[in-house]
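Each chain is listed here by its residues.
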Amino acid sequence: MESLYLVLLTLHNLNRWVILLTGIWALAASVLGRSAGRAYTAADRRPVVAFMGSLHLQVVLGLLLFAFMGMQNIPVFAGAPRQSFQWEHLGLGALAAVFATLASVRARKATTDQAKFGAAALWSGLSLLTVLLAIPWWRPLLRFFGA
């Protein structure tokens, strides 16, 4: 069972970097597209969807980790700066996924290209900020199958 825990923890950690990269990509593409005044295309939608998908995967991995740790009586976020961080992490992660989903949906449903870029930039930016607040920065930045 410990190996399953290490696999989930490693995947959760590695996906964090995918989220950060796709979040920066989505935000930069949206801001640049809006400032250039160009048409919103499928290529402009791709980073927003990639960001949303990686966040959804992270929430699933996080919930599996949370459930697994609870079943094994493993302390969640031992050494956290405050005891409430586990709930902050969980809540902010879910909120970030909601914001990323709103970026995708609002951009798709907007009527003008500028509104599409604006919605994608706003909600991707809020999601990325929420992700940055949720990351336990005191923990190892890269974790490869080690606790």
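Residues numbered from 1 in each chain as written. Predicted model: local features only at pLDDT ≥ 70, side-chain atom pairs only at ≥ 80, totals over all residues. Heavy atoms only, no water.

## Quick look at the UniProt feature "transmembrane region" (unreviewed entry) in the protein
Point 1. In the numbering used here, UniProt assigns the feature "transmembrane region" (unreviewed entry) to residues 17-36, 48-69, 89-105 and 117-138.
Point 2. Strand forms 0% of residues 17-36 and helix 100%; the C-alpha atoms that close the span are 28 Å apart.
Point 3. End C-alpha atoms of residues 117-138 are separated by 34 Å, and the span's content is 82% helix alongside 0% strand. (UniProt positions renumbered as here; feature names shortened; annotations may be inferred. Helix = DSSP H or I, 4+ residues; strand = E, 2+ residues; numbered from the N terminus.)

## What to know about the side chain of D44
Point 1. Residue position: D44 is located in helix α2 (residues 42-71).
Point 2. With a relative accessible area of 6%, D44 lands in the buried category.
Point 3. A polar atom in the side chain of D44 sits 2.9 Å from the backbone nitrogen of T41. (Buried < 20%, exposed > 50% of the residue type's maximum accessible area, 1.4 Å probe, protein only. Polar contact = N/O pair within 3.5 Å; in protein donor to acceptor, adjacent residues only side chain to side chain.)

## Looking at helix α1 (residues 2-36)
Point 1. Taking 1.5 Å of rise per residue, the 35 residues of α1 would be expected to cover 51 Å, and the 51 Å separating its terminal C-alpha atoms lies within 8% of that figure.
Point 2. G37 sits one or two residues past α1 and shows a positive phi near 70°. (Expected span 1.5 Å × (residues − 1).)

## Regarding the packing of aromatic side chains
Point 1. Tallying each qualifying case throughout the model produces five aromatic pairs.
Point 2. Ring centres of Y5 and F68 lie 6.2 Å apart, and the angle between their planes is 15°; on these two criteria the pair is classed as stacked. Residue Y5 is found in helix α1, and its partner F68 is found in helix α2; the two are separated by 63 residues along the sequence. Here Y5 matches F68 in class, with each residue buried.
Point 3. For the pair Y40 and F117, a centre-to-centre distance of 4.9 Å together with 75° between the ring planes defines the contact as edge-to-face. In this pair, Y40 sits in the loop between α1 and α2 while F117 sits in helix α4 (residues 113-134), placing the two residues 77 residues apart along the sequence. Assigned by exposure class, Y40 and F117 land together as buried. (Phe/Tyr/Trp six-rings, centres within 6.5 Å; stacked < 30°, edge-to-face > 60°.)

## Points about the packing of α2 against α4
Relative placement of two packed helices is described by the angle separating their axes and the distance separating the axes.
Point 1. As a packed pair, α2 and α4 sit with axes 11 Å apart at the nearest point and diverge in direction by 30°. Overall, the two elements α2 and α4 adopt an arrangement that is roughly parallel. Viewed along their axes, α2 and α4 form a crossing whose handedness is left-handed. Each of D44, V48, F51 and L55 in α2 lies in contact with α4, whose residues at this interface are F117, A120, S124, S127, L128 and V131.
Point 2. Of the residues that constitute the contact of α2 with α4, the class distribution is seven nonpolar, two polar and one charged. (Axes fitted to C-alpha atoms, helices over the stretch in contact; angles between N-to-C directions. Parallel < 35°, antiparallel > 145°, perpendicular 65-115°, else oblique. Left-handed = near helix turned anticlockwise from the far one by under 90°. Contact = heavy atoms within 4.5 Å. Nonpolar A, V, L, I, M, F, W, Y, C, P; charged D, E, K, R; others polar.)

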